Amino acid sequence: MIGIMLNKREAKEMEYLLKKELEELLSDLKDDQIELMVKSVLEERYHVLFRIFTLLASPAECTRFCRKKQEYK
């Protein structure tokens, strides 16, 4: 386990970066032209980044990036 200490400004910047990356991943996961093998890698990346995001963001912000069950194919 690795820990990290951030001040409020750094935490907000990290939250912003994670939001942008999660938005990009969600749009890529919805794209039908991307191969299934690539989507599985994107799915793994999404889960890792989402778990980090939940440590920084409020629950209301986290629900914005939750995926619906039918999206898990």
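Criteria and thresholds
Residues numbered from 1 in each chain as written. Predicted model: local features only at pLDDT ≥ 70, side-chain atom pairs only at ≥ 80, totals over all residues. Heavy atoms only, no water. Salt bridge = Lys/Arg side-chain N within 4 Å of Asp/Glu carboxyl O. Helix = DSSP H or I, 4+ residues; strand = E, 2+ residues; numbered from the N terminus. Buried < 20%, exposed > 50% of the residue type's maximum accessible area, 1.4 Å probe, protein only.

Undergrad: Explain the pattern of salt bridges residue by residue, including any values.
TA: By the definition in use, this model includes 8 salt bridges. Among the salt bridges present, the one from glutamate 61 reaches lysine 19, with a minimum N-O distance of 3.1 Å. Highlighted residues: glutamate 61 in helix H3 (residues 59-64) and lysine 19 in helix H1 (residues 8-30), separated in sequence by 42 residues. Residue glutamate 43 is joined to arginine 67 by a salt bridge in which the shortest nitrogen-to-oxygen separation is 2.4 Å. Residue glutamate 43 is located in helix H2 (residues 36-56), and its partner arginine 67 is located in the segment after H3; the two are separated by 24 residues in the primary sequence. A single burial state applies to glutamate 43 and to arginine 67, both of which are buried.

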